[in-house]
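Understanding the architecture of this molecule
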Amino acid sequence: MSSNFFAMVNRMKLIDRWALMNNTSKENIAEHSHSVAVIAHALALIGNKKFGKSHDAQRVCLLALYHDTTEVITGDMPTPVKYYNNEIKSVYKDIEHIAGERLLSMLPDEFAEDYKPFFEPLEEDSELWALVKAADKISALIKCIEESRMGNREFEKALEAQKAKIEEIELEEVKYFNEHFLPAYYLTLDEHTK
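Only a predicted model underlies this, so the values are computations on that prediction, with no experimental measurement involved.

The rules behind these values
- Residues numbered from 1 in each chain as written.
- Predicted model: local features only at pLDDT ≥ 70, side-chain atom pairs only at ≥ 80, totals over all residues.
- Heavy atoms only, no water.
- Helix = DSSP H or I, 4+ residues; strand = E, 2+ residues; numbered from the N terminus.
- Rg over C-alpha atoms; globule rule 2.2 N^0.38 Å.
- Buried < 20%, exposed > 50% of the residue type's maximum accessible area, 1.4 Å probe, protein only.
- Areas by Shrake-Rupley, 256 points an atom, 1.4 Å probe, with all protein chains shown as cover.
- Lys, Arg positive; Asp, Glu negative; His and termini not counted.
- Charge placed at Lys NZ, Arg CZ, Asp CG, Glu CD.
- Contact = heavy atoms within 4.5 Å.

The helix and strand inventory of the protein stands at eleven helices and zero strands. Of the regular secondary structure in the protein, the N- to C-terminal order runs α-α-α-α-α-α-α-α-α-α-α. Taken over the C-alpha trace, the protein has a radius of gyration of 17 Å; the compact-globule value for 194 residues is 16 Å, and the two agree within 12%. Principal-axis analysis of the C-alpha atoms gives the protein an extent of 55 × 40 × 35 Å. By residue count, 41% of the 194 residues in the protein fall in the buried class. Total accessible area on the protein is roughly 11600 Å²; 53% of this is exposed by carbon and sulfur atoms. In the protein, which carries 23 positive and 34 negative side-chain charges, the distance between the mean positions of the two groups comes to 5 Å.

Our next topic: the environment of G52. Turning to its location among the elements, G52 is positioned in the loop between helix 2 (29-51) and helix 3 (57-66). G52 sits in the exposed class, given a relative accessible area of 70%. When the C-alpha positions of G52 and P117 are compared, they lie 26 Å apart, and in sequence the two are 65 residues distant.

It is worth spelling out the environment of L45 at this point. Mapped onto the fold, L45 is located in helix 2. A residue is classified by how much of its surface remains accessible, and L45, at 30% relative accessible area, is partly exposed. When the C-alpha positions of L45 and R59 are compared, they lie 12 Å apart, and in sequence the two are 14 residues distant. Beyond its immediate chain neighbours, meaning those up to four positions away, L45 contacts K50 and A57.

Residue position: T69 is located in the loop between helix 3 and helix 4 (71-74). The exposure class of T69 is buried, given its relative accessible area of 0%. When residues no more than four places from it in sequence are discounted, the contact partners of T69 are V9, M12, L103 and F119.

What follows is the structure in structure tokens.
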């Protein structure tokens, strides 16, 4: 029996983000998920090494890699639409859940349980999902920084909004990342390699 799951996951590279914005550089959900995984992994390590936590850095990386996979079925709904009001937000959550179930049904039964926590979060992963959510916002901020550095005024308001969202996150891992790692995203290549 053939399984469509991995072929569908591979289609993440076909789903563009920031669809309502004029981009100087396109970003798809595969690229975004990689970025979120790298940042979530870093946040977990920061928590462990700087704040005495015991995050599973490898697991948070996997959760991040799959966090937007349902969008191969739903597409990337622009944030202003997705969060317009509580009713739309709730309906979209239901759609994401159904898309997750659909993807899981594409796996042989013996593998479905291994992938289920990526689509139906477990309570014991709640701290890790908080890191993924924070990493998702940091990744969006980085995209806004990159667009802004390229002179794209389209991202001016988004940049300010993303900065504000990051400031609201009450995780010490995020505050540490912002202070020690985020400033480098404003640098040019020459400034990085001095």
